[in-house]
Amino acid sequence: NVPEDLADKLLLASWGLPKAVLEKYHSLGVVQMFEWQAECLMLGQVLEGKNLVYSAPTSAGKTLVAELLILKRVLETRKKALLILPFVSVAKEKKSYLQ
């Protein structure tokens, strides 16, 4: 039972991402977010570059929130971003599909 005002925000397509980015996420089976992920993206001025601190269990989807924030900022500002990941294997995986 997701509130109506949040239902649309669960879809990745609602966040103004380019078609190629959406297609890549769709090919990985990611079409929508969890409610908590959308809420993170809508907090305060997070989308304008303000800080966000959040916590969730392993494999809950924390990385998706970070990726979407980074992608939106890079695409909108045309500046570079630095994504720090805890393991080489995760870094290689992210590199291959963020390219």
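Source: prediction; values computed, not measured. (Residues numbered from 1 in each chain as written. Predicted model: local features only at pLDDT ≥ 70, side-chain atom pairs only at ≥ 80, totals over all residues. Heavy atoms only, no water.)

**Structural notes on the overall build of the protein chain**
Here's step 1: Looking only at helices and strands, the protein chain has five helices and zero strands in total.
Here's step 2: Starting at the N terminus and walking to the C terminus, you meet the elements of the protein chain as α-α-α-α-α.
Here's step 3: Relative to a compact globule of 99 residues, whose C-alpha radius of gyration would be 13 Å, the protein chain shows 13 Å and is just as compact.
Here's step 4: Principal-axis analysis of the C-alpha atoms places the extent of the protein chain at approximately 40 × 30 × 30 Å. (Helix = DSSP H or I, 4+ residues; strand = E, 2+ residues; numbered from the N terminus. Rg over C-alpha atoms; globule rule 2.2 N^0.38 Å.)

**Section: the packing of aromatic side chains**
Here's step 1: The final tally for this structure, using the stated rule, is one aromatic pair.
Here's step 2: Ring centres 6.3 Å apart and planes at 45° place the aromatic pair Trp36 and Tyr54 in the tilted group. On the criterion of sequence distance, the pair formed by Trp36 in helix H3 (residues 35–42) and Tyr54 in the loop between H3 and helix H4 (62–77) is long-range, its members being 18 residues apart. (Phe/Tyr/Trp six-rings, centres within 6.5 Å; stacked < 30°, edge-to-face > 60°.)

**Here we look at unusual backbone geometry**
Here's step 1: With a phi angle near 65°, Ser59 is a residue other than glycine that sits in the positive phi range.
Here's step 2: You can call Ser59 exposed: its relative accessible area is 76%.
Here's step 3: The backbone phi angle of Arg78 is positive, close to 60°, even though this residue is not glycine.
Here's step 4: With respect to the secondary-structure elements, Arg78 resides in the loop between H4 and helix H5 (88–98). (Buried < 20%, exposed > 50% of the residue type's maximum accessible area, 1.4 Å probe, protein only.)

**Quick look at the packing of H3 against H4**
Two measures define how a pair of helices packs: the angle their axes make with one another and the distance between the axes.
Here's step 1: Interhelical geometry of H3 versus H4 gives an angle of 35° and a closest axis separation of 10 Å. Two packed elements cross with a definite hand, and for H3 against H4 that hand is right-handed. For the pair formed by H3 and H4, the contact residues are Trp36, Gln37, Cys40 and Leu41 on the first element and Lys62, Leu64, Val65, Leu68 and Leu69 on the second.
Here's step 2: In the contact of H3 with H4, the residues fall into seven nonpolar, one polar and one charged. (Axes fitted to C-alpha atoms, helices over the stretch in contact; angles between N-to-C directions. Left-handed = near helix turned anticlockwise from the far one by under 90°. Contact = heavy atoms within 4.5 Å. Nonpolar A, V, L, I, M, F, W, Y, C, P; charged D, E, K, R; others polar.)

**Re the layout of surface pockets**
Here's step 1: Put simply, the largest pocket is a space of about 440 Å³.
Here's step 2: Mapped onto the lining of the largest pocket, the elements with two or more residues apiece are helix H2 (19–27), H4 and H5.
Here's step 3: For the lining of the largest pocket, the element with the highest residue contribution is H5, accounting for five residues.
Here's step 4: Of the residues belonging to the lining of the largest pocket, the class tally is 14 nonpolar, one polar and four charged. (1 Å grid on protein atoms, 1.4 Å probe; cavity = no way out; pocket = protein on both sides within 12 Å on 5 of 7 lines; lining within 4 Å. Points joined across faces, edges and corners; volume = space filled by probe spheres on them.)

**Concerning the nonpolar core**
Here's step 1: Among the nonpolar cores identified, the biggest contains 19 residues, and Leu17, Tyr25, Met33, Leu41 and Leu68 are the most heavily contacted of them.
Here's step 2: Setting aside chain neighbours within four positions, we find Leu17 in contact with Leu12, Leu22, Leu68, Leu71 and Lys72. (Core = buried A, V, L, I, M, F, W, Y, C linked by side-chain atoms within 4.5 Å.)

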